[in-house]
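# Tertiary structure, described
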Amino acid sequence: MSDCIFCKIIEGKIPCKKVYEDGDMLAFHDINPQAPVHFMIVPKKHVDSLARAGEPDAPVLGRMLAVAARLAREQGSPDGFRTIVNTGRIGRQDVYHLHIHILGGPDPLPRMIARE
Ligand code: AMP
Ligand code: ZN
């Protein structure tokens, strides 16, 4: 999608700090990290959000989750991590290209979500 920032990152038109890439997905560091380790995994195919994903997207979504643990370990989260998929208006999604946030670090994260 031409006006999608993550598509532009995938196409190499906008730089990123790459964590991992294969034919289906790209992982890169969040520009505004919320934890000592904070990167996201995005499918190369543009899908607006998890609310718009369909069963044909399941194999790639499954692979994105399957590589998360290894990438988190490699990035400095040795013993677990948190996945977040903000979805749609209710989920406060900002970038409408499906992405899985991976958050972690050497120490346990704060518990879940703070209220504003
Ligand atoms: P959300 O859609 O709410 O799950 O969040 C989108 C995330 O994308 C935010 O955490 C932003 O910091 C991050 N972000 C926005 N632009 C960039 C970029 N150019 N490179 C890396 N991360 C970005
Ligand atoms: Zn996109």
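Turning our attention to the site of ligand 1. Around ligand 1 sit 16 residues in total, of which Asp30, Asp94, Val95, His99 and His101 are the nearest. Contact with the protein chains covers 85% of the free accessible surface of ligand 1, which is 500 Å². Cavity membership is defined here by more than half of the atoms lying within 2 Å of grid points; on that basis ligand 1 lies in the largest pocket. Those elements that place two or more of their residues in the shell around ligand 1 are α1 (5-10) and β2 (25-29). The dominant element in the shell around ligand 1, judged by the number of residues it contributes, is α1, at 3 residues. Taken together, the residues of the shell around ligand 1 break down into 7 nonpolar, 6 polar and 3 charged.

Attention now goes to the packing of aromatic side chains. Overall, the coordinates contain 1 aromatic pair when judged by the stated rule. It is arginine 70 that lies over the ring of tyrosine 20; its NZ or CZ is 5.2 Å from the centre.

Before going further, it helps to spend a moment on helix α2 (residues 58-75). Here α2 spans 25 Å end to end across 18 residues, near enough to the 26 Å set by a 1.5 Å rise per residue. Taking the largest bend as the criterion, α2 deviates by roughly 35°, centred on alanine 68. Among all positions of α2, only Leu61, Met64, Val67, Ala68, Leu71 and Ala72 are buried. On the buried face of α2, the contacting elements are β1 (18-21), β2, β3 (37-43) and β5 (100-104). Backbone geometry just downstream of α2 places glycine 76 in the positive-phi region, at approximately 110°.

With distances of 2.1 to 2.3 Å, the protein atoms coordinating the zinc ion (ligand 2) are Cys4 (SG), Cys7 (SG), His46 (ND1) and His97 (ND1). Relative to the metal, the 4 donor atoms surrounding the zinc ion (ligand 2) lie at angles of 104 to 117°, and the coordination shape comes out tetrahedral. For the zinc ion (ligand 2), the single-chain donor residues occur in sequence as C-x2-C-x38-H-x50-H. Each member of the pair, cysteine 4 as well as cysteine 7, carries the same accessibility label: buried.

Cut-off values and rules
Residues numbered from 1 in each chain as written. Chains lettered and ligands numbered in written order. Predicted model: local features only at pLDDT ≥ 70, side-chain atom pairs only at ≥ 80, totals over all residues. Heavy atoms only, no water. Near = heavy atom within 4 Å. Areas by Shrake-Rupley, 256 points an atom, 1.4 Å probe, with all protein chains shown as cover. 1 Å grid on protein atoms, 1.4 Å probe; cavity = no way out; pocket = protein on both sides within 12 Å on 5 of 7 lines; lining within 4 Å. Sits in = over half its atoms within 2 Å of the grid points. Helix = DSSP H or I, 4+ residues; strand = E, 2+ residues; numbered from the N terminus. Nonpolar A, V, L, I, M, F, W, Y, C, P; charged D, E, K, R; others polar. Phe/Tyr/Trp six-rings, centres within 6.5 Å; stacked < 30°, edge-to-face > 60°. Lys NZ or Arg CZ within 6 Å of the ring centre and 35° of its normal. Expected span 1.5 Å × (residues − 1). Bend = angle between axes of the 7 residues up to and from the residue. Buried < 20%, exposed > 50% of the residue type's maximum accessible area, 1.4 Å probe, protein only. Contact = heavy atoms within 4.5 Å. Donors = N, O, S within 2.8 Å, 3.2 Å for Na, K, Ca; no water. Tetrahedral: all angles 85-135°; square planar, octahedral: opposite > 155°, others 65-115°.

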